[in-house]
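# Descriptive analysis of the structure
These are the residues of each chain, in order.
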Amino acid sequence: MAFLRHFFFSSLCFMWVFLPQLVLAKHAPVTRSYKFEIKLQNVTRLCKTKSIVTVNGQFPGPRIITREGDRLLIKVVNHVPNNITIHWHGVRQLRSGWADGPAYITQCPIQTGQSYIYNFTVTGQRGTLFWHAHISWLRATVYGPIVILPKKGVPYPFPQPHKEVPIVFGEWWKADTETIINQATQTGGAPNISDAYTINGLPGPTYNCSAKDTFKLKHCQSHTHCS
């Protein structure tokens, strides 16, 4: 009987120590990996097609989804003639300043044919931020959202929405943006203003030749029948 009592007590101790570890493991942060291929892509806006620098051929670029406490590994491979860096706008770079992205400040640019892995942890933040190129004017086309969800088991600090749709505002120039900023630098004047403002990369119907280039968000009457 003494042996059985000792075995039962030892089993309880094991379960008491082990179960909390299982709970922690269930909600433990994870490492999320992304790959950004910097490449040229033909895009048509305002009835004019031009080649722009993009991430994975997308404009705007791909959405990053993570959770508070997660580690992000984002490999950026440069296939264009321009040097490139990526800045994670609004992300607190705690002990990872080399991942912040401003060219020639915290990082040497990624040269043509080269790659770099941004490695950082999202600490004490939740919500929607955005990433963009941080060299010259490449940010005009190289940008996208970062969605930081709460930790698993942690509620939203507001009623959880029935649908989440990132909306990113931008600008569009018919001319090559690198040429525009180089001319402004040489003359000391302000750069030419953009030809259109955009929502998720689309200028909308108020501009000529843009009736079909409009971002549309369907309105929902019912939380259970939203599409």
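Owing to the predicted nature of the structure, the values given are computational and were not obtained by experimental measurement.

The rules behind each value
- Residues numbered from 1 in each chain as written.
- Predicted model: local features only at pLDDT ≥ 70, side-chain atom pairs only at ≥ 80, totals over all residues.
- Heavy atoms only, no water.
- Phe/Tyr/Trp six-rings, centres within 6.5 Å; stacked < 30°, edge-to-face > 60°.
- Helix = DSSP H or I, 4+ residues; strand = E, 2+ residues; numbered from the N terminus.
- Buried < 20%, exposed > 50% of the residue type's maximum accessible area, 1.4 Å probe, protein only.
- Lys NZ or Arg CZ within 6 Å of the ring centre and 35° of its normal.
- Pairing = 2+ DSSP bridges.
- Axes fitted to C-alpha atoms, helices over the stretch in contact; angles between N-to-C directions.

With that settled, the discussion passes to the packing of aromatic side chains. Counted by the stated rule, this structure contains eight aromatic pairs. On the numbers, 6.1 Å between centres and 50° between planes, the contact of phenylalanine 36 with tryptophan 88 is tilted. Residue phenylalanine 36 is located in strand β1 (residues 31-45), and its partner tryptophan 88 is located in strand β5 (residues 86-89); the two are separated by 52 residues in the primary sequence. The exposure class of phenylalanine 36 is buried, given its relative accessible area of 1%. With a centroid separation of 5.8 Å and 75° between ring planes, the pair formed by phenylalanine 59 and tyrosine 143 is classed as edge-to-face. Note that phenylalanine 59 is positioned in the loop between β2 (48-55) and β3 (64-67) and tyrosine 143 in strand β8 (residues 143-149), a separation of 84 residues in sequence. Look at tyrosine 143 and you get buried, because its relative accessible area is 6%. Its end group placed over the ring of tryptophan 172, lysine 50 keeps NZ or CZ at 4.7 Å from the ring centre.

Strand pairing in a sheet is mediated by backbone hydrogen bonds. Such pairs are either parallel or antiparallel. Overall, mixed pairing links the four strands, which are arranged β2-β1-β4-β6 in an open sheet. In the strand order of this sheet, the two ends are held by β2 and β6 (115-121), each with one partner. This sheet shows a mean twist of 20° between the axes of neighbouring strands, independent of strand direction. Sheet analysis places β1 next to strand β4 (residues 71-78), joined by eight bridges and oriented parallel. Within the sheet, the bridge partner assigned to lysine 35 lies in β4 and is lysine 75.

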